[in-house]
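Per-entry structural report
So you can see what is in the structure, the chains are spelled out below.
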Amino acid sequence: QVHLVESGGGLVQTGGSLRLSCAASGSTLSIDTMGWDRQAPGKQRELVATITSGGSSNYADSVKGRFTISRDNAKNTVHLQMDSLNPEDTAVYYCRTYLLGLGTYWGQGTQVTVSS
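Conventions and cut-offs
Residues numbered from 1 in each chain as written. Predicted model: local features only at pLDDT ≥ 70, side-chain atom pairs only at ≥ 80, totals over all residues. Heavy atoms only, no water. Buried < 20%, exposed > 50% of the residue type's maximum accessible area, 1.4 Å probe, protein only. Helix = DSSP H or I, 4+ residues; strand = E, 2+ residues; numbered from the N terminus. Pairing = 2+ DSSP bridges. Contact = heavy atoms within 4.5 Å.

1. What to know about the pairing of strand β11 (residues 110-115)
A one-sided burial pattern is seen for β11, the buried positions being Thr110, Val112 and Val114 and the unburied ones Gln111, Thr113 and Ser115. Looking at chain direction, strand β2 (residues 10-13) and β11 are connected through four bridges and run parallel. Residue Val12 lies in a different strand from β11, and its bridge partner there is Val114. For strand β9 (residues 91-99) and β11, the ladder comprises three bridges, and the chain directions are antiparallel. Opposite Ala91, over in β11, you have Val112 as the bridge partner.

2. What about the environment of Val78?
Relative to the assigned elements, Val78 resides in strand β8 (residues 77-82). Taking the C-alpha atoms as reference, Val78 lies 15 Å from Gln108; in sequence the two are 30 residues apart. In this view, Val78 contacts Leu20, Ser21, Cys22, Met34, Trp36, Ile51, Ile69, Ser70, Arg71 and Cys95; residues no more than four positions away in its chain are not counted.

Structural measurements only, silent on function.
Okay, here's the thing in structure tokens:
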């Protein structure tokens, strides 16, 4: 089991930036890939970005060039730097982590609202 706590969401104007953070606790030795999902009102949850324990990252096409994911393996944290935000980025953002042999876990989510 792992417990994920997100922070850093909020309200920002179009073109602004936010930095999300997620701290993992519990069975952290089993953590492999970490990342972020998001779910906008009335839409399905989508994968935003992932990063492996070795530092390889992947992004959804909609955020490439604007979002940057990073992690600190020693602190069991993952961050999402979001720049050039637009109203389409408004969503609840969920931290996710894959535990080897145990599956994927998600945090409770943090709201990001981008005003036009």
